[in-house]
Amino acid sequence: MSTSYWSRSLDEVLQELRSGPQGLTAAEARVRWEAQGPNALNAESRMSTLRLFVRQFRSPLLLILAGAAGVSLFVREWLDAGIVLAIIAGSGILSFFQEFSASRAMEKLRRRVQVKATVVRDGLTVAIPASEVVPGDVLVLSAGTLIAADALILEARDCFVNQAVLTGETYPAEKHAGPVAAESGLAERTNTVFLGTSIRSGTGRAVVVETGVRTAYGQIADRLSLRPPETGFELGIRQFGYLLTKVMLILVLAVFAINVFGAKPPVESLLFAIALAVGLAPELLPAILSLTLSRGAQRMAERGVIVRRLNAIENFGSMDVLCTDKTGTLTEGVVHLDGAVDPSGQASAVVLELAALNAGLQTGLANPLDEAIVAAAAPAARYRKVDEIPYDFNRKRLSVVVEREGERRLITKGALENVLAVCRTVPADAAGRFAEWSAQGIRVLGLATRTLAEGETAVERDLEFTGYLLFLDPPKAGVEEALQGLAKLGVAVKIITGDNHLVAAHLAAAVGLPAEAMLTGAEIRELPDEALWHRAERTTLFTEVDPNQKERIIQAFQKMGHVVGYMGDGINDAPALHAADVGISVDSAVDVAKESADLVLLEHDLGVLREGIEEGRRTFANTIKYIFTTTSANFGNMFSMAGASLFLPFLPLLANQILLNNFLSDVPGMAIASDDVDREWIERPHRWDVNYIRNFMILFGLVSSVFDYLTFGVLLWVYQASAVEFRTAWFVESLLTELAVALVVRTRLPFYRSRPGRFLLYSTVVVAGLALVISYLPGREYLGFVPLPLSLLGLVVGIAVAYVVAVEVTKRYFYAHYRPAGE
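Keep in mind the model is a prediction, meaning the values are calculated, not measured.

Criteria and cut-off values
- Residues numbered from 1 in each chain as written.
- Predicted model: local features only at pLDDT ≥ 70, side-chain atom pairs only at ≥ 80, totals over all residues.
- Heavy atoms only, no water.
- Core = buried A, V, L, I, M, F, W, Y, C linked by side-chain atoms within 4.5 Å.
- Buried < 20%, exposed > 50% of the residue type's maximum accessible area, 1.4 Å probe, protein only.
- Helix = DSSP H or I, 4+ residues; strand = E, 2+ residues; numbered from the N terminus.
- Contact = heavy atoms within 4.5 Å.
- Polar contact = N/O pair within 3.5 Å; in protein donor to acceptor, adjacent residues only side chain to side chain.
- Phe/Tyr/Trp six-rings, centres within 6.5 Å; stacked < 30°, edge-to-face > 60°.
- pLDDT = per-residue confidence, 0-100.

1. Here we look at the nonpolar core
Line of reasoning, step 1. Formed by 93 residues in total, the largest nonpolar core has its most connected members in Phe-316, Leu-330, Phe-542, Ile-584 and Leu-606.
Line of reasoning, step 2. If you tally residues by element for this core, the top one is helix α24 (residues 606-647), at twelve residues.
Line of reasoning, step 3. Every residue in contact with Phe-316, bar those within four places of it in the chain, is listed here: Met-300, Val-582, Ile-584, Leu-599, Leu-609, Gly-612 and Ile-613.

Have a look at this one:
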């Protein structure tokens, strides 16, 4: 598109785009899409297979191994180098296949909740994926629309756009047709809407001028794409990485220095020290994380929860406070018009007809109240709409102007208090009627009208109060059981609603929530932050809440140490969805809310949410299992080898044997991602606690070392084993104990009362069998092994069995004396 299109007339722009007010044909749009590519900021929407494969070998741990292999090649230790390189290749290939399948599965899930754009194609209004929008398309704009491209306004009615992401403006900017100066900045282009912004109120149409990286947003996307807030899980992983780095650095330097001063070969000592450090680390953790998260996302999708951001799964499982609106969550979400009555409370056909005109002719944000009115009575055909004042969240009113036989009438509908505020007279019993109906759970709107003089502008003032509109949205069937189910999972449900306190209290009592634990929006405004932090924990209902108070309520819970989920589907829910630890929306939500969410529910149902929380906790449990298993066993084995290297005249294991041991133990370790999870893990939220993991690693690592040194004693003083026999026997013992500890520490229950997943069980049996026979296989000499006497092999197995018993006893002690954060 030519530069400065905002300064040119609409006719010129439409002519250059070869488009018009009726947009494009589907065939022409397809041609343009194939020529220009998808409307995306990154044309390569998914990582290529080759890039994904290469990324597996960029792990710091594998790079350390590659450096060790390089040292071996430099000193012509060809066999050692070959073994190390083979292990690097094996680890990388295993990670690649797991992450490849996981990433493809996630792409399919994300496509189910992709953002749509409403455009005019072939003269019809249709919804298409935003990625298929092309220059020349005509966008249909309404409140809640997420703008899919840079576009020039064709027509607009009270159209206000939130474009702070580009301009930093505090308030929404009004848009209208008509050229502006060529030198106008983004904020001054009142005739242009931009990709990434959203419609706050009003309606309009706009012709697409630029898409993808050619948009204003696309040109500065790298600067605007701020990293989302770090989740508790990501923080835990980072802290865990720091812990491992410190231990590895100390281990490498100390072991290398001691062995060199002990007159052992420097190259072997360096390789040994590096192998110890690598053996300590769970090098397949990135692959395990990808696998557990993607499998969790797939299982959640089967239960109606689509994951848009994988790391949110862990927070979902840790969530202990859920904030949500009541409509559609606690109620059926299908509002019924229960009555249209005049100021005296009598049923009125006139009030119903006027309400139907207002609801049926408005073109702003669709809402269930208007749908209920139109379902009860269609707008009378004898009236013609001539003007509209769209709804906004400050006025809380919606007005339309209709004309019949030359007479124009303004019809205003909205929150009763806000409608009465612009009426000439207010019924004396209005407050009493409102309280009586609200106490019965009936939502009340007001209706007012005024006849406009010829040429008079439509303004909401001096209206005549016409009557009341009464709505019912009954409690959803089974919602009380769903709330009890969430409570059993340790999740407290908090209702945040703009409805009046009487309606909210009636509903809360009906579904078993404490109606007396309430704060109103007016009370929240009077509370300082510190007071709100403490009051929020004791409050179940937040009523008459303004949209900008939602974020403050969420932050109050977070300040008190809670992991907060927020479920919203409206225009004003986006800030709260961003602020929450877990943003949850529904598939029917407005675009701006759905795009802000971490998770999208295909059904507006607390039961679906509960199942998703359980899946999040299973995912968290299996991630922690892998870390517990590998760090405790690895720490014990590496600590034992480091100690043994101080008094043995030879290295206890060669570098390639350490790496082979580590690689073989990771095969069943990968199976932990699909392991079964005990019910006890699911019944309460868990937090990442690096101190808890450190204590677990040290205690169980020391237990492992006790049995390692027992094995050393038997080999040196009972069997008088040579260096190669020692290494062979201890390789088998350390591998068997590492496999055994995985089956024991994977559960808090006695290990024989918790059945592991089939893949974990079978892979453990296979690798254990390999450990028992590896010293008898052809080619053993290349790995530095010799056949073991059967009596020695039997003793090694006996030590492993005794180790299992000791770990089970230690486990009971640990869980009786240590508690992670948040429990």
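2. Brief notes about helix α18 (residues 501-511)
Line of reasoning, step 1. Inspection of α18 places Val-503, Ala-504, Ala-505, Leu-507, Ala-508 and Val-511 among the buried residues, and these make up the whole buried set.
Line of reasoning, step 2. Tucked into the core, α18 has its buried residues touching α16 (430-439), β14 (443-452), α17 (479-488), β17 (518-520) and β18 (541-543).
Line of reasoning, step 3. Put simply, Asn-500 is the residue that caps the front of α18, since its side-chain oxygen is 2.9 Å from the backbone nitrogen of Leu-502.

3. Focus: the packing of aromatic side chains
Line of reasoning, step 1. What the rule picks out here adds up to 20 aromatic pairs.
Line of reasoning, step 2. For the pair Trp-437 and Tyr-468, a centre-to-centre distance of 5.0 Å together with 65° between the ring planes defines the contact as edge-to-face. Remark: Tyr-468 occurs in strand β15 (residues 464-472) and Trp-437 occurs in helix α16; sequence separation between them is 31 residues.
Line of reasoning, step 3. The class of Tyr-468 is buried, set by a relative accessible area of 0%.
Line of reasoning, step 4. Aromatic pair Phe-650 and Phe-726: ring centres 5.5 Å apart, planes at 75°, arrangement edge-to-face. Here Phe-650 is found in the loop between α24 and α25 (655-671), whereas its partner Phe-726 is found in helix α28 (residues 723-745), with 76 residues between them in sequence.

4. Considering the confidence of the model for the chain
Line of reasoning, step 1. In the predicted model, the chain carries a mean pLDDT of 84, and the fraction of residues at 70 or more is 87%.
Line of reasoning, step 2. In the predicted structure, residues 223-227 sits below a pLDDT of 50 and forms four contacts with residues beyond four places in sequence or in another chain.

5. A few points about the environment of Phe-465
Line of reasoning, step 1. By the secondary structure assignment, Phe-465 is in strand β15.
Line of reasoning, step 2. Looking at Phe-465, the relative accessible area reads 6%, which means it is buried.
Line of reasoning, step 3. Taking C-alpha positions, Phe-465 is 7.1 Å from Val-426, a pair spaced 39 residues apart along the chain.
Line of reasoning, step 4. The contacts of Phe-465, once residues within four sequence positions are left out, are Pro-343, Leu-416, Val-419, Leu-420, Cys-423, Thr-425, Pro-427, Gly-446, Leu-447 and Ala-448.

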